[in-house]
Amino acid sequence: MEFGPVWRAMMRNKGGYFLIAVQIAVTMAVMVNAFAIMQERSFKMGRPSGLDEANTFALVSVGFKPEMDSKALISEDLDLLRNTPGVINAVATNSYPLRQGGWSEGLHREPGVGKSVSSSAIYFVDEHGLETFGLNLIDGRNFSPEQVSWDKDSPDPWPATVIITQALGEDLYPDHEGSYVGKTFWFDDDNPANIVGVVERLQAPWPSWTGVERSMLVPLRRESNDVRYVVRTEPGYRDQLMLQVEESLANSSKDRIIRQVATVDEARKLAYLGDAAMIKILTFVISLLTAITGLGIVGLASFSVARRTRQIGIRRALGATRPAIVRYFMLENFLVSSIGIVSGAVLAVGLNMFMVQAFSLTPLAWYVVPVAMIILWIVGQVAVAGPARKASGISPAIATRSI
Amino acid sequence: MLNMKNVSKVYRTDTVETHALREFSLTVEEGEFVSVTGPSGSGKTTFLNIAGLLEDLTSGTYELDGRDVSQLNDKERSRVRNEKIGFIFQSFNLIPELNIFDNVDVPLRYRGFDAPERKRRIEESIEMVGLGSRMSHLPAQLSGGQQQRVAIARALAGEPRFLLADEPTGNLDSQMADSVLDLLTEINTAGTTIIMVTHELGLVDRARRNIFVRDGRVSDGVPELHLADLAAG
C-alpha cells in the first residue's frame, strides 16, 4: 500500500481534506448521539405495559340523567360484558396503562404528614382486574370479592388491601429482600394499606413519567355516571367485539352514550406519538447528514481527479493498473475519513457524556460508536468509488500530451 | 528487440477519421540509440504512444522482446510498461506533491519490490544522475535540468529494457540540454536501448540511427531538407 506517499501528498494540500475531515467528524458526532436518542426512544416505546395489549380495548359510558342508578348500571354492564362470548373478562376502572390520564398518590412507609417516600399510579378495580389486565401475579393472591368496596369520590378511608408492582415494592422498600406481601404502607398520611399481592409489571398511565413502572391495583368500584370499562377478549376477537359491545351497551340503556371506544394499541400509538415523530425526524437528519457528507466526499474526490488528470496519466504510463489507481483514491479517502471518524468518535463520546449529565440521557451502548465508524467508512469508500473508477479510465497517453 | 510491422493507427470521431500511422514498420535492435524526427503532425507522438503501450494500435503487429504485445489487455500492458519501458517526457512529468525520492519510487511500488529493494534502487539511480543530496526536495525546488534528471532516474530505477524519450530537452536551455544528452549517451553506452522523439538537430546527431516520419510512415535517415528545417528552427 502507498500509505506513506499518499499521506505526504495529502499533507501538501491540506485545505480540502481538512474540511471533509471536519464534516465527517461532525456527522459522526451527530449521528452517534442522534442514534442514542433514537435508541432510547425506541426502547421506551418497546416497553411492555403489562396488559394483554393485542386483545384489550376500552370504552367509556357517559350517563346523562343525574338521578340514574349508576351502581346498578355498572353491575349490569359488567354482567353483560363478562357474559359476552369471546370476552375473557372485563372491569370498571379509572384508567389503564398508556391512557395518559389517571390517578396517583404519595406513599408513606410510616404514618405522618410529609413522610412520603414514593408515589404510585392507582387503578381502581375489582377482583376481575388482575385477569382483565392480563397481569402476571408473581407473589401473594388476588382480591376476594369481599375486599372490593364502592365509593363515590376520593376513597375515604382507602381500602386496606392492595396489589402492587414489583417495581413499586423495590422503590418503597429499597433495603428489603424477600416478599413484599404482608408489608404495610400508608396513603394520605394516615390510611394504612396491606400488600396482598405483587405483579410482575403494570405501567402507570403516563409513559414519560420516571416512575412509570410503579403502580398498584386498589379494590374499589367508583359509583359514577361516567365509567370506563376495560375489556379483554380471546385472541382475534377484539375488533369484532368492540363493535358488538358498543352496540349492546348502547341498547341496554338509553340514558347514556358510549364513547371513546379504543384499543390499547391505539392508546400506545397516541402515547408515543412524539417519540415516534422524534425517531422519524432524527432518522431523516442522520440520513440527510450522511448523504451530504457522502456528496462532499464525491465532490472532493471528483475535484481531486479533475485536478490530477495528468498525474493519473503519468502513473498509468509508469505502470499503474486501473485497480491501482482506484486503490490510490480509496486509500486517500480512507485516510481522510479515518481522521474525521476518529475525531468524530471522540467528539461523539464527549457530547454524549455532556448529554447524559445535562439531559439524563442513557449513556451510549458500547457498540454504537464502532458501528457508526464502520458505516461512515463504508459511506466514504462508496462515495469515492465513482470518481476513483473515473480516474482509472484516464488514458496513460495523456502523459505525452503537451500541457 | 522492438519490431513493428505494418502498424496503423486511426483516430475516429463521428465525422472525422484521422490516419496517424499508416503501414508503419520499424525494427530497433538491442543497444541502439534511435532518434525519431518528422514535421508536426507526422505521427511521432503516436508512434511513441504505441511503442510505449500507452495506446492501442488499429492494425498491424508489434513485438517487444520477441513477444507480441499488440493484443495485451490493460493489466498486461501496464505490467510490460512498468517492467520493460522507461519513459522520459518533455515536461518531466514529475508528481508535484511528492519529493524526489517518492517520485522515483512510484514505478517501483507498482512493480511490487519490497521496501529495502526500492530504497536501494532509488538511491542508486538518484546518485547516478547526480542528485543524491536532493532526495527530499520537491520538484518545484529543482531547476528544469535537475527535474529531467530525476525523470531519468525514475525511468532507470526499474532497469528497463529500453527508454522512450519524448523531446527530453525540449524545455531545457542548451547547457542543461547538453548535460541531459550526455547522461542519455552514457546510459546508452552502458547498454540500454533508447528511442528518442525529437525535432532538435543536436539530438539527432547524438543518435546512432535516425528515423524520419512523414504522414504516418517511416523512412530511415533524415532528408536533407528536413535537416535544414531542424537547423533553422
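Conventions used here
Residues numbered from 1 in each chain as written. Chains lettered and ligands numbered in written order. Predicted model: local features only at pLDDT ≥ 70, side-chain atom pairs only at ≥ 80, totals over all residues. Heavy atoms only, no water. Pairing = 2+ DSSP bridges. Helix = DSSP H or I, 4+ residues; strand = E, 2+ residues; numbered from the N terminus. Contact = heavy atoms within 4.5 Å. Axes fitted to C-alpha atoms, helices over the stretch in contact; angles between N-to-C directions. Core = buried A, V, L, I, M, F, W, Y, C linked by side-chain atoms within 4.5 Å. Buried < 20%, exposed > 50% of the residue type's maximum accessible area, 1.4 Å probe, protein only. Polar contact = N/O pair within 3.5 Å; in protein donor to acceptor, adjacent residues only side chain to side chain.

> Quick question: what am I supposed to make of the sheet that holds strand β4 (residues 59-64) of chain B here?
Within a beta sheet, neighbouring strands are joined by backbone hydrogen bonds and run either parallel or antiparallel to one another. All names here are of chain B. Read from one edge of the open sheet, four strands run β2-β1-β4-β5, paired in antiparallel fashion. A strand with exactly one partner marks an edge of an open sheet, and here the two such strands are β2 (17-28) and β5 (67-68). The pairing of strand β1 (residues 2-12) with β4 spans five bridges and is antiparallel. The residue bridging K5 from the neighbouring strand is T61, located in β4. Packed on one face of the sheet, helix α1 (residues 44-51) meets β1, β2 and β4 and runs near 120° to β1.

> What should I look at first to understand the nonpolar core in this one?
Nonpolar side chains in soluble globular proteins tend to be buried together. If you look at the biggest cluster of nonpolar residues, it comprises 88 residues, and the most contacted ones within it are A:M28, A:F329, B:L2, B:M4, B:F47, B:Y62 and B:F162. Ignoring any residue separated from it by four or fewer positions in sequence, one finds B:L2 in contact with B:L26, B:T27, B:V28, B:A51, B:Y62, B:E63, B:L64, B:F162 and B:I195. Grouped together as the second largest cluster of nonpolar side chains are 34 residues, B:L131, B:A157, B:L163 and B:L181 included.

> I keep staring at the side chain of A:T84 and nothing clicks. Help me out?
All names here are of chain A. Counting through the fold element by element, T84 comes out in the loop between α3 (70-82) and β2 (87-93). On the basis of relative accessibility, which here comes to 10%, the residue T84 falls in the buried class. Within the structure, T84 has its side chain in polar contact with the backbone oxygen of L80 (distance 2.7 Å). If sequence neighbours within four positions are ignored, T84 has contacts with L241 and Q244.

> Just to check I follow, could you spell out the environment of B:G132 for this structure?
Residues and elements named next belong to chain B. Secondary-structure assignment places G132 in the loop between α4 (115-128) and α5 (144-157). For G132, a relative accessible area of 25% translates into the label partly exposed. When the C-alpha positions of G132 and F101 are compared, they lie 9.6 Å apart, and in sequence the two are 31 residues distant. Residues contacting G132, with those up to four places away along its chain left out, are I126 and E127.

In short, the description is geometric, and any link to function would need to be established separately.
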